[in-house]
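Fold and geometry: a report
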Amino acid sequence: MAIGPRVRRPGPTDRGGGRMLSAHPSPGSGEPDDGPVLRPATPMTSIQQFESPDAAEAQLMADQRAAGPRPPEPARPEPRPDRDRPGGEQPGGEQPARGTARVRPAAPSGAEASGPAVADIQTTSGVPKVVIPAAVAAPADTGTTPAEAGEEHAGDAPEAPAEGESGTGDATDAAEIQDEPDPRPAAPAPDRPGDETDIQQVKSGKDDTVPQPESRPEVEVEAPAEREAHAEVEVEPVADPAGPEPDVEDTVVLRLPPAADDTVVLTLPAPPPQPEEAPPADREPDPAPRSPGEDTVVILTRAHDDTVVIPVVRTAATVAPPTEVVTAVIPVVPGRRDGQRTEAAPPPDPGRAPKPARARREPLDLGHAPAVLTISALGVLMVALAYAGGRVSTGNAPFAYWVGQVVVFTPVVVRLLSRRMAGVAESFLLVMGLALHQYLLKWMYSPDQFRFPDELQHWLATTIIVESGELFRPNPALPPAEHFPGLAELGAAAAEMTGLPVTAAGVVVAGIAHLVFVGVLFAVVLRASNSPAVAGVACATYATALHYLFFNSMFLYQTAALPFFMLTIWAVRRWRAEGGRTFVALAGVSMALTTVSHHVTALALVATLLLLAVAELVVDQPRRWSALVMPGAAAVVVAAWILLVATDVVGYLEEPVEQVRRTVAQLVSGESDAASASAPVSVGQLVVQGAGLLGLLVLALAVTRDMVHRRDRDWWRWAAVAGGLVFFAGNGVRFLGQNGPEIAGRLSTFTYVPISILAAIGLVRGVQLIPARDADGHRWRAAAPAIDVIVPGGWNLYSRVAAGSAMITLLMIGARAGGWPPIASILPGPYLAGGYERSVDAYGVASADWQRQTLGPGNRVGGDATSVSLASTYGRQDPVREVGPLYYADTWGLDQDDLAQRLHVQYLVVDRRLSTQLPESGAYFESDPRSGQITSPLTVGQLGKFDTLAGVDRLYDNGTVRIYRTGVQ
């Protein structure tokens, strides 16, 4: 088809990367015909995305068609597949149903003129059938046939774009009109007003051209029944007899803005006459002249800026399918759950060699855990050497101890914080390896015997069960332990089945219980976070608790109760998430075992279950009141055991609680006494512990802010936030009275779990500590990133690993300095007065053995804290702990005699070394009236006055420890 002068391709100055040629109707009669008018192209819409106009537009279009002349039906072109957009997808928004337009060839020469239209167009308008009369433009009176005009001007047509190229520089597309010669003559379509076109809807997503058989020269278009009108553009070429020889394709870009009347007739006037050139000898002449109406193209407009390539078929020919499929790779831009986009990762540097792909990890891939734990084991060796140096008072033993602690701990933390962990297996192995190494540090402190007073008390309970074969036997060293025989029963069973001594069996039982507790803690956090890194970092952070290294892994009844405590939490978590009687039964059994093992742990279990239930009821919607079943059952079991069996526990726990209450009241009133004074703490220790706690507070606040901004609905995380608040409140208890540090340390055993989870989430998930400013310049009101999506990478990852490892290591150092054993007794060594483990030596043990063998069990024996502990365990005596005034008195008088009578003290143990050292713990005696106020050791006269008293006999003397009989019956 001849469409006038040469049409240039879009240039770089046009919109979307090029300027486009647009043609509009030629001037009316009487006006000069200067050829096509150039103007900036307006958005054109695609035939492949037509949607039916409304009723008003349809009526207007129908009236305009009825008023105009009815030229003959032109041959309908066959649209080529849209190569500019892979897959036929349109940018932005939900895509309507789309398909492929198909054009059947015009009828061959001699076909019946009264037949249907000569083109079959299938659109993707997504509407049912409707009959639409075909519109044909009137031929221009140029005196030249269209075929001749096409031959004259075809030489000026631009070259067709290469396959896969677009006519524009961006999303602004081009329309191509392609003419292909055909040797067969095409019969002109008759001008019949009753011509109808059927539009057939085709499913979306297929962008191929389907050729139709040539034996059907009719136009079949299926459209919806409610289809009212088509928006049309009629292009009527004006032939130029002097034009050049036609090319295969002539391309024009048409862009039409949406209007009320979507039908526009575009006439392309002929260019100025050109000198006629003779056609080449080998060129075949046009088989038959063509009517201008056959070059009319119908374009269905749409409000979107869509581009379609429209080929114009010169003769009856089948449009060939596309020879090339252009595939576009659309990158997935990471986003956030709140709908805001994050920056896409920058493209890789082409100058750098690509990193080799990581091999797929197996479920039991241990990664670098064996190598990391080997380095950690070297730290265990260094601490062992430090312990050996401490026993012989080597000067550099403390330095080796601290370096060894860092080597044991920090490599594991660094690996847990890295992103290239193999998975659950590696994280679990690192956590369990760290727990084992730290338990070895505790065991190597005193490998031959129990020295801590509480361990000695439970050693006695286990020994009594082994000797008697009965439970609930009286324990004079720790009376409440009689009704909580869980640990003693486990130790006795291990000793009986293995033949090990009670001490060795106790070490094994305590170690297994400690490892099981850490393993179940890992499982609980893994279940709640679904992240092995978070679970591993949480366990490593928990290892920095004040009492983790020693107190929570000693042979104590709390150590035996902690695994059942955590197992109950895990079973309740599984029951709330999945249901099932198995988890209910497991929770019930674990609850009962916790109750019969330790009173404080049982009470903590009730509080924890209640906290979880309240968090679920507040956060979860709709509320499930069954969440109260487990805390209610735990409260019933614990209350029944304490009120019906372990009735002495109330009095046992009443004393420290009353002391804290009394201290708080004195602080409010401004009064003070010796009992309200807490042990002094060095400035360096306070700085280290304060820096670690500040880091935990910053992480907890950052995670809480993140959860508030995201409106987090995970009730486990909100329960952790509430538990973190309890942790920070409990740390203030350490400054309340003599027993404040011990109470705060024991509370941290339970409250350190939630704060460790929050710290792990903040470190692993990359929660923003200081958020960036939003579009409005607000920093603290900016939307938080998704907690389960954003993971730090690159330099951000390295800085977080370094900062997180430093913070957790600092917490570990503060816990070792302020936890147990006290800083002065952190290394084993010679005797220290009031040094707990450091006060137990061969002299004291020998005197206790003599009491059991000579005096027999059950005698009332008083002395300093270490002497009473040894007498009540190794000596099987009844301890008297309130004898401090008898030792502080310079002379024995009536007051001392009256106190001895009231306490029924039968024997007094005097360690002469008390006159040479100040007490490391700040007190010589349990319930010491001068605790925290001792400025000088006991004098030799105060300890030797018992030799001058009438009626007092010295029964034992090993040169260091003496035993006196007071004569009190």
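Relevant structure appears above.
All figures in this text were calculated on a predicted structure; none of them were measured in a lab.

1. Some thoughts on the overall build of the protein chain
Helix and strand content of the protein chain: 23 helices and eleven strands. Each of the 969 residues in the protein chain was classed as buried or not, and the buried ones make up 51%. Taking as baseline every contact in the protein chain between residues at least 6 positions apart, the subset at least 24 positions apart corresponds to 79%. Split by element, the accessible area of the protein chain, about 43500 Å² in all, is 60% carbon and sulfur.

2. Some words on helix 16 (residues 715-731)
Relative to the 24 Å expected for 17 residues at 1.5 Å per residue, helix 16 spans 25 Å between its end C-alpha atoms, a close match to the ideal helical length. All of the buried residues along helix 16 are Trp715, Trp716, Arg717, Ala719, Ala720, Val721, Gly723, Gly724, Phe727, Gly730 and Asn731. A distance of 2.9 Å separates the backbone nitrogen of Trp716 from a side-chain oxygen at the start of helix 16, and that oxygen is part of Asp714.

3. Structural notes on the environment of Lys945
With respect to the helices, strands and loops of the structure, Lys945 is situated in the loop between helix 23 (940-944) and strand 10 (953-957). The buried category is assigned to Lys945, whose relative accessible area is 6%. Considered as a pair, Lys945 and Asp890 are 55 residues apart in the sequence and their alpha carbons are 7.5 Å apart. In contact with Lys945, other than residues within four places in its own chain, are Leu886, Tyr887, Ala889, Asp890, Thr891 and Trp892.

4. Brief notes about the packing of aromatic side chains
Within this structure, the stated rule accounts for 25 aromatic pairs. Both rings, one in Phe727 and one in Phe728, keep their centres 5.1 Å apart while their planes meet at 70°; by these two values the pair is edge-to-face. Accessibility expressed as a relative area gives 26% for Phe728, which makes it partly exposed. An angle of 70° between the planes, with centres 6.2 Å apart, marks the rings of Trp892 and Phe946 as edge-to-face. One end of the pair, Trp892, is in the loop between helix 21 (884-888) and helix 22 (894-903); the other, Phe946, is in the loop between helix 23 and strand 10, with 54 residues separating them in the sequence.

5. Description of the pairing of strand 9 (residues 907-911)
In terms of burial, strand 9 is largely enclosed, as five of its five residues are buried. A two-sided burial pattern is seen for strand 9, the buried positions comprising Tyr907, Val909 and Asp911 on one face and Leu908 and Val910 on the other. For strand 7 (residues 860-862) and strand 9, the ladder comprises two bridges, and the chain directions are parallel. The residue of strand 9 that forms the bridge with Gly862 is Leu908. The pairing of strand 9 with strand 11 (residues 961-965) spans five bridges and is classified as antiparallel. Looking at the pairing, Val909 lines up with Ile963 of strand 11.

6. A few points about the packing of helix 11 (residues 581-595) against helix 12 (residues 599-619)
One can describe the packing of helix 11 onto helix 12 by two numbers: an axis separation of 8 Å at closest approach and a directional angle of 140°. Looking at the two axes, helix 11 sits oblique to helix 12. Like other packed secondary-structure pairs, helix 11 and helix 12 cross with a definite hand, here left-handed. Between helix 11 and helix 12, the contacting residues are Met591, Thr594 and Thr595 on the first element and Thr601, Ala602, Leu605 and Leu609 on the second. Its residues assigned to classes, the contact of helix 11 with helix 12 comprises four nonpolar, three polar and no charged.

7. Concerning the pattern of salt bridges
If you walk through the whole model with that rule in mind, you get 24 salt bridges. Of the charged contacts in the structure, one is a salt bridge between Glu467 and Arg876, with a shortest N-O distance of 3.1 Å. Residue Glu467 is found in helix 6 (residues 453-468), and its partner Arg876 is found in the loop between helix 20 (865-873) and strand 8 (878-880); the two are separated by 409 residues along the sequence. On the basis of relative accessible area, Glu467 is assigned to the exposed category, the value being 55%.

8. What to know about the pairing of strand 10
In regular strands, side chains alternate between the two faces of the sheet. In terms of strand pairing, strand 10 meets strand 11 through four bridges, oriented antiparallel. Its bridge partner being in strand 11, Asp957 is matched across the sheet by Arg962. In sequence, strand 10 turns back onto strand 11 through a hairpin of three residues, with Gly959 there showing a positive phi of about 95°.

9. As for a nonpolar patch on the surface
Side chains of Leu694, Leu697, Val698, Leu701, Leu769 and Ile770 sit close together on the surface and give an oily, nonpolar patch of about 550 Å² of accessible area. Relative to the helices and strands, Leu701 is located in helix 15 (residues 683-710). For Leu701, a relative accessible area of 54% corresponds to the exposed category.

10. What to know about empty space enclosed by the protein
This structure, assessed with the given rule, holds 15 cavities of 30 Å³ or more. Taken together, 16 residues make up the lining of the second largest cavity; nearest its centre are Thr544, Leu546, Leu693, Tyr752 and Leu811. Taken together, the elements giving at least two residues each to the lining of the second largest cavity come down to helix 15, helix 16, helix 17 (740-764) and helix 18 (794-818). Across the lining of the second largest cavity, the residue classes break down as nine nonpolar, six polar and one charged.

11. Comments concerning helix 3 (residues 369-391)
Compared with the 33 Å implied by 1.5 Å per residue over 23 residues, the 33 Å span of helix 3 between its first and last C-alpha is a close match. Inspection of helix 3 places Ala369, Val372, Leu373, Ser376, Gly379, Val380, Val383, Ala386, Tyr387, Gly389 and Gly390 among the buried residues, and these make up the whole buried set. Those residues of helix 3 that are buried are in contact with helix 4 (397-417) and helix 5 (424-445). One or two residues past the end of helix 3 sits Ser393, with phi positive at roughly 60°.

12. Examining the layout of surface pockets
Of the voids in this model, the second largest pocket is the one considered here, and its volume is about 700 Å³. Taken together, 33 residues form the lining of the second largest pocket, with Thr608, Leu611, Gly723, Phe750 and Pro754 sitting closest to its centre. Counting only elements with at least two residues in the lining of the second largest pocket, the list comes to helix 8 (502-529), helix 10 (557-578), helix 12, helix 16 and helix 17. For the lining of the second largest pocket, the element with the most residues is helix 16, which contributes eight residues. Of the residues contributing to the lining of the second largest pocket, the split by class is 24 nonpolar, six polar and three charged.

13. Focus on unusual backbone geometry
Residue Pro622 is bonded to the preceding Gln621 through a cis peptide linkage, with omega at -5°. Relative to the assigned elements, Pro622 resides in the loop between helix 12 and helix 13 (629-644). In the segment running from Trp820 into Pro821, the intervening peptide bond is cis, with an omega of -5°. A positive phi is found at Ser393, a non-glycine position, where the angle reads about 60°. Since its relative accessible area comes to 53%, Ser393 is described here as exposed. Not every positive phi belongs to a glycine, and Arg876 is a case in point at roughly 60°.

14. Notes on the sheet that holds strand 10
Pairing is mixed in the open sheet, where five strands are placed in the order 8-7-9-11-10. Edge strands, defined here as strands with exactly one partner in the open sheet, are strand 8 and strand 10. Across the sheet, the mean angle from the axis of one strand to that of its neighbour is 30°, orientation sign disregarded.

15. A word on the nonpolar core
In terms of nonpolar packing, the biggest core is built from 103 residues, with Tyr387 and Met566 touching the most fellow members. Considering each element in turn, this core owes the most residues, ten residues, to helix 17. In contact with Met566, other than residues within four places in its own chain, are Phe517, Val520, Leu521, Val524 and Val753. Phe450, Ala494, Val840 and Ala848 belong to the second-largest nonpolar core, a separate cluster that totals 29 residues.

Each value, and the rule that gives it
Residues numbered from 1 in each chain as written. Predicted model: local features only at pLDDT ≥ 70, side-chain atom pairs only at ≥ 80, totals over all residues. Heavy atoms only, no water. Helix = DSSP H or I, 4+ residues; strand = E, 2+ residues; numbered from the N terminus. Buried < 20%, exposed > 50% of the residue type's maximum accessible area, 1.4 Å probe, protein only. Contact = heavy atoms within 4.5 Å. Areas by Shrake-Rupley, 256 points an atom, 1.4 Å probe, with all protein chains shown as cover. Expected span 1.5 Å × (residues − 1). Polar contact = N/O pair within 3.5 Å; in protein donor to acceptor, adjacent residues only side chain to side chain. Phe/Tyr/Trp six-rings, centres within 6.5 Å; stacked < 30°, edge-to-face > 60°. Pairing = 2+ DSSP bridges. Axes fitted to C-alpha atoms, helices over the stretch in contact; angles between N-to-C directions. Parallel < 35°, antiparallel > 145°, perpendicular 65-115°, else oblique. Left-handed = near helix turned anticlockwise from the far one by under 90°. Nonpolar A, V, L, I, M, F, W, Y, C, P; charged D, E, K, R; others polar. Salt bridge = Lys/Arg side-chain N within 4 Å of Asp/Glu carboxyl O. Patch = residues over 30% accessible without salt bridge, like charges linked within 9 Å, V, L, I, M, F, W, Y side chains within 5 Å. 1 Å grid on protein atoms, 1.4 Å probe; cavity = no way out; pocket = protein on both sides within 12 Å on 5 of 7 lines; lining within 4 Å. Points joined across faces, edges and corners; volume = space filled by probe spheres on them. Core = buried A, V, L, I, M, F, W, Y, C linked by side-chain atoms within 4.5 Å.

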